[in-house]
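Fold and geometry: a report
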Amino acid sequence: MTQQRAPFQLGASQILAGSRAVVDIPFGKLYTHTELNIGAHVVHGRQNGPVLLITAALHGDEINGVEICRRLLKVPRLNRLRGTLIVVPIVNTYGFVQQSRYLPDRRDLNRSFPGSEKGSLGSRMAYQFTNSILTKCTHAIDLHTGAIHRANLPQVRASAKDKVALRMAEIFNAPIIIKAASREGTMRGTANNLGIPILLYEAGEALRFDEQAIKIGVRGIVNVMQDLGMLTHAKKGVKTQSLFSKKSSWVRAEHDGIARYYVSLGQTVQQGDLLAHIYSPYSDFEVAITATLAGVVIGRNNLPLVNEGEALFHIAEVSSLEEAEKTLDAISDEVDNAMPLSLTDEYGVV
């Protein structure tokens, strides 16, 4: 007789093997005494396996990941899960309610990790999250978007020193992989210090849904879960491999004014290519903004009103621009063909 797998403990709740639950963990109150909890979906498989954590809305206005989490939780194959899946669709409940990146004290929760039991609000939340949730997992994927008025091409970031995280990045199969060290105070940095392989997914723009970014995100997480042995492999054809980039740089506004943008996300550019013009509404003054390096545009400011020094275009260096164009087109086609806007056996309600 097969021994029953032990229940999974999260907060004050125990989730039995072969079941799922939503666990509310108290994270503070508003000044109106309204309680704010972080809700964590837990899917505890009948068989042993990794404990994968998926987080979204660590910045409260980055909502793409919330929809990715919703679709992921509807994947039918989760009923045969090996291991345990923890999904936290909204980490920064304060910011999410206010449609803001920040906490009420204007601090950035993702610069407050690993936190302190007696620090600021952000520090206390980070401490609670680290000890109550993050330390429970063996692997993690953190979902983000660009900031307000900035859009990111779907991309994953992982530490070049973490071979497991790099493997997760390749399997995720986003258009581009950036090998980047984590910033101090971030959840990714804390996970790295704890020895937890973690992947950062960046795609889309704050306060907006981006359908292709959502599709790539759901498919990417399922790819990783298959590779970790948490889900059975679906019969799919050979996927186009992601692009690798070891270096990226922002092109900034050389002058304040109103910008006219000429290139879009995913477009390849040569050094010196014209990216935009900035002009004055009061004179004939106009200045050209050109690419400072060759590569793929992976981030772009969408707001035409710019200040001097403002980040306009994020360009990632790649080994071959010609191959980059083919790769980006191929991955886009694969995602569209794999995930139609209908009910599917593979990806649940899309």
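Before reading further, recall that the structure is shown in the block above.
Residues numbered from 1 in each chain as written. Predicted model: local features only at pLDDT ≥ 70, side-chain atom pairs only at ≥ 80, totals over all residues. Heavy atoms only, no water.

1. A word on the side chain of Asp61
Within the element layout of this structure, Asp61 appears in the loop between β5 (47-55) and α1 (64-72). Although Asp61 is buried, it forms no salt bridge, and the closest oppositely charged side chain is Arg101 at an N-O distance of 5.3 Å. (Helix = DSSP H or I, 4+ residues; strand = E, 2+ residues; numbered from the N terminus. Buried < 20%, exposed > 50% of the residue type's maximum accessible area, 1.4 Å probe, protein only. Lys, Arg positive; Asp, Glu negative; His and termini not counted. Salt bridge = Lys/Arg side-chain N within 4 Å of Asp/Glu carboxyl O.)

2. Here we look at the packing of aromatic side chains
Applying the stated criterion to the full structure yields three aromatic pairs. With 6.3 Å between their ring centres and 90° between their planes, Phe113 and Phe129 make a pair best called edge-to-face. Pair noted here: Phe113 is in the loop between α2 (93-98) and α3 (121-132) and Phe129 is in helix α3, with a separation of 16 residues, a long-range link. The interplanar angle of 40° and the centroid separation of 5.0 Å between the aromatic rings of Phe172 and Tyr201 together place this pair among those described as tilted. Placement of the pair is Phe172 in helix α4 (residues 163-172) and Tyr201 in strand β10 (residues 198-205), with a sequence separation of 29 residues. Each member of the pair, Phe172 together with Tyr201, is buried. When the ring centre of Trp250 is taken as origin, the NZ or CZ atom of Arg150, which lies over that ring, is 5.3 Å away. (Phe/Tyr/Trp six-rings, centres within 6.5 Å; stacked < 30°, edge-to-face > 60°. Lys NZ or Arg CZ within 6 Å of the ring centre and 35° of its normal.)

3. Side note on the environment of Ala191
Among the secondary structure elements, Ala191 is positioned in helix α5 (residues 187-193). Filtering out sequence-adjacent residues up to four positions away, Ala191 remains in contact with Leu134, Ile196 and Ile198. (Contact = heavy atoms within 4.5 Å.)

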